[in-house]
Amino acid sequence: MGMEQQAFLLENIAPFDRLPLTQRRKIAANFDVLYLTPAERFVPKAPALFLVVKGLIQESQNAEVVARYSEGSYFNEASLLKNTARLAGHYSVVEESILYRIDAAVFQQTLEAFPQFHAYFYASVVQKLEALYLSRQQLAAAEIMMEPVYSTPLLGLVTVEAEASVAKAAQQMVAHKTDACLVVLPLEHPARPQNSHAILTSTDILRFTAQRQSTPVSADTTPALTLANWPLYTVSDEEYLFNALLKMTRYQIDRLVVRSSQPSRSGDYLGFLHLKDLMAVFAHQSTLVWLNIEQAHSVDELVERSAQLDKLVATLHAKGIKVHYIAKLVSELHQKLLRRLVGLLLPEDLQNHVALLLLGSEGRAEQLLRTDQDNALIYADGLNAQQQQALIEFSDAFSQAMLRLGFPTCPGGVMLNQSQWRQSHQAWYRQLRVWLEQPTEAGFLHLAIFADAQVLFGDADLLQSLQSLIWQRLEENPLFLRHFAKGAMQFTTPVGFFGGLVTRASAKGAVIDLKKGAIFPIVHGVRVLALEHQIPHTNTHRRIKALMDIGIFSEEQGVELGESLNYLHALRLDAQLRGATQAEPLGESDLAVADLTHLQQDILKQALEVVKQFKQWLQLHFKLRDLL
Amino acid sequence: MAFWHRLMKLPKIKSLKDSNYAFLFTPTVPGDYVCFDCESTGLNPRTDRIITLSALRIREGEILSSQALELWLAQPQRIAPESIKVHQIRNQDLQLQEGPLLSEQEAMSQFLHFIQGATLVGYYVTFDIALVERIVQPWLGVRLPNPRLDVSELYYRHKAKHWRHGIYQSSVDLRFSAILADLQLPNLGQHQAFNDALMTALIFCKLQRLGDERC
């Protein structure tokens, strides 16, 4: 038949892409072609699946737009799957369209003959998401990022006894062509039993050799143990290389000890993963530039390095890396950048007397692109006037520098250069009591922001005591949390009774607000639960994990919530990246439904359903009906 | 004049040699169109032969491509290199066809049964009809009585409507790809009888709708 090109078209459309070419050809041979003009109501004459070749079709139910189908998407499958015409939506032609019609009989035959095709239409949201990530990852199959640790060359494992001399350890290392070795910790060693081994690296030996000039000691007599370091930082051999890199960045180390994940050899050490080998693997990634933030000596140099950040995010996202991981890397790098910035700007004598906090999404480590500065400063009680003046100057310089690094100022003024967000420990204590004991809308908002605080720089104890205060006060006054939880209900989730998307008209066509209707309820709901159960994590995924661990969430509920949040963030990032390249960006959190493929819309609907269920769950948990 | 000229040349059922094909003279069903396209050995309809013919029925605005007719004809001579450059059907490609290669008469019999009394639609359809009639006329004694519509002509008239109240433009780009581009229709790959017929059908559908809107 002549429908060769049409069979190729199917190759790019899920789930037709999982059919063999012969079946795709067979389907294509059964295409009829329909040409429709705008404003026309489109009523299928007989049960069939329709594939949009060009144009835009809108489906509505009870005068509510439930979906839009553009090039490469298909519709009307619901009436075929359930085999009832009643489920067919009302279709109208928004733009002049060309459709292919696939006869119901052909569709049924394909469903029956190909289990994978069948499974697609009956899969759960988690399964569909996995399939989506998989397909994106397949696009970047050559990309090493998501390869497991065991796919890279490891340096051989060398272990020496506790009594071994430095010289012996060095010989062993040379013999095994490696630059580090493990030293067995003796049983009576103070670091036991938490640590079984310490690590001795070539750098340690180098330092030792350089030091010898002043105090002559022999490598033959010095025990290796005196130079070694612990604890060991390890990584499972099945972990993604990406996460191994994160770990090295986080602890500022060059080597990770790789441990086996096989049940039979669980915990056995296999060898060393060295940063330079990892870097060779990542060679083409702009990540490299990022790792030498530490070497920047001026704000200008930092500005230069930060400029590449958004590009990095776009690259990683296009490669199908889960947004959760991207956010982790980006937060890690942001923090490094900002920590370096504080180091450059804050006078050294003050560095031990303050805690600089990241708040909001940055504090939760969920920021992808640079958004508003949300930060605060706690300083130790009893600083003199001169020191306080120095802090004011630092705060102004810091906010200015952040602006140059691409973080816009916060319209709500949640920044350390505002006096409300730069206070002494005592003053903060009083401030929090006001927020907790005299609830107001503004107080709720501020507390929500503060609850996500993470110490970027300085004395973590300053924050910890304030956090204990919050937990203690909330325990004493459970009604507060119930009112606080109401916030998660304040925006309706844009999913209709029949599971369709509820859109809002805008200049860009039908849009939905993902942030208010979907992301915020999850983030806030989880935040309130974390406060209730005194979970110290700020990241929503980690909070969900902790809530699963203590049995508040069932395994299934937690996974579904986390995956849905991931997906919503990914869609938002998509929209933001698209907005960044277009002359007219959408409202910050608006998502144009027409930009989504059929599969994306489908998963979005299910993700929103998860949000809706979570809200209902919160309502029960906090007995919100009695309050409203 | 043109009308009388046409009337004189109209095929008559009494000249039909085989009464099995009387259905060709049944009154045309309004809204029943067959869009077709041939790839041939050359551009002279008197001497060149059809290699492949594709026909699609258009009914109530729907292009019934699933019931398309695709015919491949046996060639007594090798296809000339110049025409292979146009349609890219090589001699060996003929051997790869799934169905049998048909004789000219078998092919036309299938084609005539397919079109029945439908209005024929094509791009420079006169040429394709001439190719068909080269076979049909000696065999059945008649030329095709079916009404015909040429999309290039329809397109020209569509463009000409804009000029009534404006400055006359003497030339309209009537190349197939230009018409597709101007009407914003996807080019599915040209010079394959099936795709050509399909795209011609799309052009036809769109021009019809555009015509409707003006009424």
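Residues numbered from 1 in each chain as written. Chains lettered and ligands numbered in written order. Predicted model: local features only at pLDDT ≥ 70, side-chain atom pairs only at ≥ 80, totals over all residues. Heavy atoms only, no water.

Chemist: Just give me the short version of the overall build of chain B, but keep the residues and values in it.
Modeler: For chain B, the helix and strand inventory stands at 8 helices and 6 strands. When the helices and strands of chain B are placed in sequence order, the string is α-β-β-β-β-α-α-α-β-α-β-α-α-α. By the burial criterion, 49% of the 215 residues in chain B qualify as buried. A fraction of 68% describes how many contacts in chain B between residues 6 or more apart in sequence connect residues 24 or more apart. For chain B, the computed accessible surface area is about 11400 Å², with 53% contributed by carbon and sulfur atoms. (Helix = DSSP H or I, 4+ residues; strand = E, 2+ residues; numbered from the N terminus. Buried < 20%, exposed > 50% of the residue type's maximum accessible area, 1.4 Å probe, protein only. Contact = heavy atoms within 4.5 Å. Areas by Shrake-Rupley, 256 points an atom, 1.4 Å probe, with all protein chains shown as cover.)

Chemist: Mind laying out the packing of aromatic side chains, listing which residues take part and the relevant values?
Modeler: Note on aromatic pairs: each is described by the distance of the centres and the angle between the planes. Residue and element names in this part refer to chain A. In total, this model carries 28 aromatic pairs over all chains according to the counting rule given. Ring geometry for Tyr 69 against Phe 75: centres 5.1 Å apart, planes inclined by 25°, an arrangement best described as stacked. Owing to a relative accessible area of 0%, Phe 75 belongs among the buried residues under this scheme. Ring plane angle 15° and centroid distance 6.2 Å describe the contact between Phe 614 and Trp 617, whose orientation is recorded as stacked. Of the two residues, Phe 614 and Trp 617 both sit in helix α24 (residues 598-621), 3 residues apart, roughly one turn of that helix. Grouping aromatic residues by their ring pairs yields a cluster made of Phe 42, Phe 50, Tyr 69, Phe 75 and Tyr 91. (Phe/Tyr/Trp six-rings, centres within 6.5 Å; stacked < 30°, edge-to-face > 60°.)

Chemist: Can you lay out the nonpolar core for me, pointing to particular residues and giving the numbers?
Modeler: Where a protein is soluble and globular, its nonpolar side chains tend to be buried together. Ranked by internal contacts, the top residues of the largest apolar core, which has 126 residues, are A:Phe16, A:Leu568 and A:Leu604. Residue contributions to this core peak at 11 residues, all from helix α8 (residues 193-214) of chain B. Leave out the neighbours within four places in its chain, and A:Leu568 touches A:Leu514, A:Ala518, A:Ile519, A:Ile522, A:Leu604, A:Ala607, A:Leu608 and A:Val611. (Core = buried A, V, L, I, M, F, W, Y, C linked by side-chain atoms within 4.5 Å.)

Chemist: Could you give me a rundown of the packing of helix α17 (residues 425-437) of chain A against helix α19 (residues 460-476) of chain A, with the residues and numbers involved?
Modeler: Residue and element names in this part refer to chain A. Viewed as axis vectors pointing N to C, α17 and α19 meet at an angle of 25°, and their least axial separation amounts to 10 Å. Classified by the angle their axes make, α17 and α19 are roughly parallel. The element α17 and its partner α19 pack so that their crossing is right-handed. On α19, the residues that touch His 425, Trp 428, Tyr 429, Leu 432, Arg 433, Leu 436 and Glu 437 of α17 are Leu 462, Ser 465, Leu 466, Leu 469, Ile 470, Arg 473 and Leu 474. (Axes fitted to C-alpha atoms, helices over the stretch in contact; angles between N-to-C directions. Parallel < 35°, antiparallel > 145°, perpendicular 65-115°, else oblique. Left-handed = near helix turned anticlockwise from the far one by under 90°.)

Chemist: Tell me about helix α5 (residues 125-140) of chain B, and name the residues and values.
Modeler: Residues and elements named next belong to chain B. Glu 133 marks the point of greatest bend in α5, at about 40°. If you check which residues of α5 are buried, you get Val 125, Asp 128, Ile 129, Leu 131, Val 132, Glu 133, Ile 135, Val 136, Trp 139 and Leu 140. As for α5, its buried residues are in contact with β1 (32-40), β2 (50-59), α4 (104-115), β5 (119-122) and β6 (148-150). In the segment just after α5, Gly 141 is the residue with positive phi, at about 80°. (Bend = angle between axes of the 7 residues up to and from the residue.)

Chemist: Which residues make up the environment of A:Leu561, and what values go with them?
Modeler: Residues and elements named next belong to chain A. Positionally, Leu 561 belongs in helix α23 (residues 555-581). Sequence separation of Leu 561 and Val 611 is 50 residues, and the distance between their C-alpha atoms is 7.5 Å. The contacts of Leu 561, once residues within four sequence positions are left out, are Ile 522, Val 526, Ile 544, Phe 553, Val 610 and Phe 614.

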